[in-house]
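Coordinate inspection notes
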Amino acid sequence: MDYGHELQFGVFASPDASRVHETLELAQLADVVGIDLFTVQDHPYNAKHLDTSTLLTAVAVRTSAIRVAANVANLPLRPPVGLAKQVATLDVISGGRAELGLGTGAFWDAIVAAGGERRTPGEAVDALVEAIRIIRGVWGQDPDQPGARSVTVPGEHYSVAGMHAGPFPVHRVEIWLGAYKPRMLRVTARLADGWLPSMGYADPEALAGMNAVIDEAADRAGRGPQAIRRMYNVFGSFGTGRGFLRGTADDWAEQLAGLALTEGMSTFVLGTDEPDVVRRYAAEVAPAVRDLVDAERASATPVHPAAAPVDGSPLTARATPDDGVRLSPALPWREDDRPVTAKAEHAAYSPAQQAVPQHLVDVHDHLRGELAQLRDIVGQVRRGSMSTGAARSVINTMAMRQNNWTLGAYCETYCRLVTGHHTLEDRSIFVHLRGAEPDLGPVIDRLEEEHHVIADVLEQVDDALVGLVGTEEYGRAGQDALDEVQRALDLLTDTLLSHLAYEERELLHPLARHGFG
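Rules used throughout
- Residues numbered from 1 in each chain as written.
- Predicted model: local features only at pLDDT ≥ 70, side-chain atom pairs only at ≥ 80, totals over all residues.
- Heavy atoms only, no water.
- Helix = DSSP H or I, 4+ residues; strand = E, 2+ residues; numbered from the N terminus.
- Rg over C-alpha atoms; globule rule 2.2 N^0.38 Å.
- Buried < 20%, exposed > 50% of the residue type's maximum accessible area, 1.4 Å probe, protein only.
- Areas by Shrake-Rupley, 256 points an atom, 1.4 Å probe, with all protein chains shown as cover.
- Lys, Arg positive; Asp, Glu negative; His and termini not counted.
- Charge placed at Lys NZ, Arg CZ, Asp CG, Glu CD.
- Pairing = 2+ DSSP bridges.
- Contact = heavy atoms within 4.5 Å.
- Axes fitted to C-alpha atoms, helices over the stretch in contact; angles between N-to-C directions.
- Patch = residues over 30% accessible without salt bridge, like charges linked within 9 Å, V, L, I, M, F, W, Y side chains within 5 Å.
- Salt bridge = Lys/Arg side-chain N within 4 Å of Asp/Glu carboxyl O.
- Phe/Tyr/Trp six-rings, centres within 6.5 Å; stacked < 30°, edge-to-face > 60°.
- Lys NZ or Arg CZ within 6 Å of the ring centre and 35° of its normal.
- Core = buried A, V, L, I, M, F, W, Y, C linked by side-chain atoms within 4.5 Å.
- 1 Å grid on protein atoms, 1.4 Å probe; cavity = no way out; pocket = protein on both sides within 12 Å on 5 of 7 lines; lining within 4 Å.
- Points joined across faces, edges and corners; volume = space filled by probe spheres on them.
- Nonpolar A, V, L, I, M, F, W, Y, C, P; charged D, E, K, R; others polar.
- pLDDT = per-residue confidence, 0-100.
- Parallel < 35°, antiparallel > 145°, perpendicular 65-115°, else oblique.
- Left-handed = near helix turned anticlockwise from the far one by under 90°.
- Expected span 1.5 Å × (residues − 1).

In this section: the overall build of the protein chain. Along the protein chain, the regular secondary structure elements total 13 helices and 11 strands. Taking 2.2 N^0.38 as the reference for a compact globule, 517 residues should give roughly 24 Å; the C-alpha atoms of the protein chain span a radius of gyration of 25 Å, in line with that estimate. Expressed as a percentage of its 517 residues, the buried residues of the protein chain come to 50%. Just so you have it, the protein chain exposes about 22500 Å², and 54% of that area is on carbon and sulfur atoms. Each charge class in the protein chain can be summarised by its mean position, and for the 46 positive and 71 negative side chains these summaries are 4 Å apart.

Set out below in structure tokens:
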């Protein structure tokens, strides 16, 4: 079955400590040649392996577009709270490019030797279910309590009680499960965004049966089979052989396209550490697979799963209204000439479809909430500056400098958060929506234009902060620097809140119809 997912291609590299520089260069190469995903295995007990989370962070700061993930994180040695914070941190640092591959653990003697708990297969699955709930809660993405600021999950293996949620990722991080047995496949259908098996554990002929288990469980859970991306760790070598991924690039393309069209596998992650193999995979195999699959899909004229008629309910996500309050004397754009599209107000959507636009609102609510907190911090610093100017004591002046640095760090983090969200939209979500619904073109063009304007405003905020931190006087000069920060922040508030409200008004229904891509 072809689930209609966009095709993606990844690399599965070794975290061998003896070749760290080669691995980092491989990641940079994969980023440049257009590979979508860079992953490494996670076996913390292996003395020859680097720490996966640290290596992925180094990869993220050396690349600009490729997504990064553990393939898969070893849950028994990665407690869920720490794992959630690590992935969220990586997502913030990378501008929204982190995902989470997760596994129950397998090599139990090695896990126990490294201080982990030995678990039966049933206990391992139970622990994973608890961990996913905690991880989603720490990210503010618990489907039962979206946007909750505290996490309480009573469990047998993992338990938290009233823990503060955060830090929040800058995009909705996907969780992919390495699953093979029926119960884990059903957990994947209920709780995961992707299924990530490997050749050798699940060879091509075994995929159909495993997919069937996921499909049935996804239907029972009310998600539908299309909600779970089907991924595949593959291994091969270019040559003239007749086996699977043993022939030419054309042979590889035909075989992978066959898996996409018959088994629904849409993300192929190639295990290799060889730069030449990565180049050929990106330049010869990936484009050919896309061409073959696109041609077959076009000839079959399939209905996009998210656009198919469903029995459901009216859209529950609501666009946040624009209150019209403006703090700046003028905005860098007109608000009365924005393109609009007809709204399908009476359309019905399934629960899985409802979740997509609601997630956009949740992300925007997080941006709005952090912006309000940033404005509050600026207000506190301004009030403190006035009292410092009056007292002129050494202690007060030192405290003022510390406040300025704290404000600068918070602003820098928030600017990265906004930039990462907009980059994700420009590179992925908007591209998908433009292809799925061409009539949205003028709206998406305008949203992208506003992203550029907001980027300029963010630079004004940054410049104002540089001026503030560089101010050594805390009289008039310091107050002028703070006034400039306030002016730039007011403009950011006006433009960003106006933009978020406009985007929600125009995109909630299209996102319900077509998903994020």
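From this point on, the discussion continues.
Strand order in the open sheet formed by 9 strands is β3-β2-β1-β11-β10-β9-β8-β5-β4, with parallel pairing between adjacent strands. A single partner strand is all that each edge strand has here, and the edge strands are β3 (67–70) and β4 (73–74). Of the strand pairs in this sheet, strand β2 (residues 37–40) and β3 are connected by 4 bridges, and their pairing is parallel. Looking across to β3, one finds that L37 is bridged to R67. The sheet contacts of helix α8 (residues 249–263) involve β10 (229–234) and β11 (265–271), and relative to β11 the element is tilted by about 140°.

With that out of the way, let us pick up a negative patch on the surface. Residues D456, E459, D462 and D463 make up a contiguous surface patch of negative charge. With respect to the helices, strands and loops of the structure, D462 is situated in helix α12 (residues 441–469).

As enumerated under the stated definition, the model contains 6 aromatic pairs in all. When the ring of F12 is compared with that of F235, the centres are 6.2 Å apart and the planes differ by 50°; the resulting orientation is tilted. With F12 in strand β1 (residues 8–13) and F235 in the loop between β10 and α8, the pair connects residues that are 223 residues apart, well separated along the chain. Its relative accessible area of 31% is what places F235 among the partly exposed residues. The ring of Y3 has R230 lying over it, and the distance from NZ or CZ to the ring centre is 4.1 Å. The ring of F238 carries R280 above its face, with NZ or CZ at 4.3 Å from the centroid.

In this section: the nonpolar core. If you look at the biggest cluster of nonpolar residues, it comprises 83 residues, and the most contacted ones within it are F38, L100, L102 and F268. When sequence neighbours within four positions are dropped, the list of residues in contact with F38 reads V11, A13, T23, L26, A27, A30, L56, V59, I66, R67, V68 and A69. Listed in part, the 30 residues of the second largest apolar core include I454, L458, L491 and L500.

Counted as a void, the second largest pocket has a volume near 890 Å³. Lining the second largest pocket we find 30 residues, and of these T104, G105, A106, G178 and Y180 sit closest to its centre. Counting residues per element, the ones that place at least two in the lining of the second largest pocket are β4, α5 (121–138) and α6 (182–191). For the lining of the second largest pocket, the residue count by class is 15 nonpolar, 11 polar and 4 charged.

This brings us to empty space enclosed by the protein. Within the structure shown, the criterion is met by 2 cavities of 30 Å³ or more. Approximately 90 Å³ is the volume found for the largest cavity. Around the largest cavity, the lining comprises 14 residues; the ones closest to its centre are T52, A70, A73, L83 and Q86. Examining the composition of the lining of the largest cavity, we find that 4 residues originate from one element, helix α3 (residues 80–94), more than from any other. Residues belonging to the lining of the largest cavity are distributed by class as follows: 8 nonpolar, 3 polar and 3 charged. Taken as a whole, the second largest cavity encloses approximately 50 Å³ of empty space. Taken together, R133, G137, G140, Q141, D142, Q145, A148, S150, V151, T152 and V153 form the lining of the second largest cavity. Of all elements in the fold, only α5 and β6 (150–153) reach the threshold of two or more residues within the lining of the second largest cavity. Looking at the lining of the second largest cavity, its residues break down into 3 nonpolar, 6 polar and 2 charged.

Along the chain, T104 turns up in the loop between β5 (100–103) and α4 (108–113). Among all residues touching T104, those that are not within four sequence positions of it are P76, A124, V125, L128 and M184.

Our next topic: the confidence of the model for the protein chain. Mean pLDDT over the protein chain works out to 88, with 90% of the residues at or above the 70 mark. Scored below 50 in pLDDT, residues 301–310 makes 20 contacts in the model with residues more than four places away or belonging to other chains. The low-confidence segment residues 386–400 (pLDDT under 50) makes 13 contacts with residues lying over four places distant or belonging to another chain.

The subject of this paragraph is the packing of helix α1 (residues 20–33) against helix α9 (residues 275–300). Close contact between α1 and α9 brings their axes to 10 Å; oriented N to C, the two are set at 15°. Between α1 and α9, the interaxial angle falls into the category roughly parallel. Crossing of α1 against α9: the hand is right-handed. When α1 is examined against α9, the residues L26, L29, A30 and V33 are found in contact with a partner set consisting of P275, V278, R279 and A282. Classifying every residue of the contact of α1 with α9 by side-chain character gives 7 nonpolar, no polar and 1 charged.

In this section: α8. Look at α8: 20 Å from first C-alpha to last across 15 residues, which is about the 21 Å you get at 1.5 Å a residue. For α8, the full list of buried residues reads A249, W252, A253, L256, A257, L259, A260 and E263. Buried residues along α8 sit against α7 (207–220), β10, β11 and α9. A positive backbone phi angle near 80° is found at G264, which sits one or two residues after α8.

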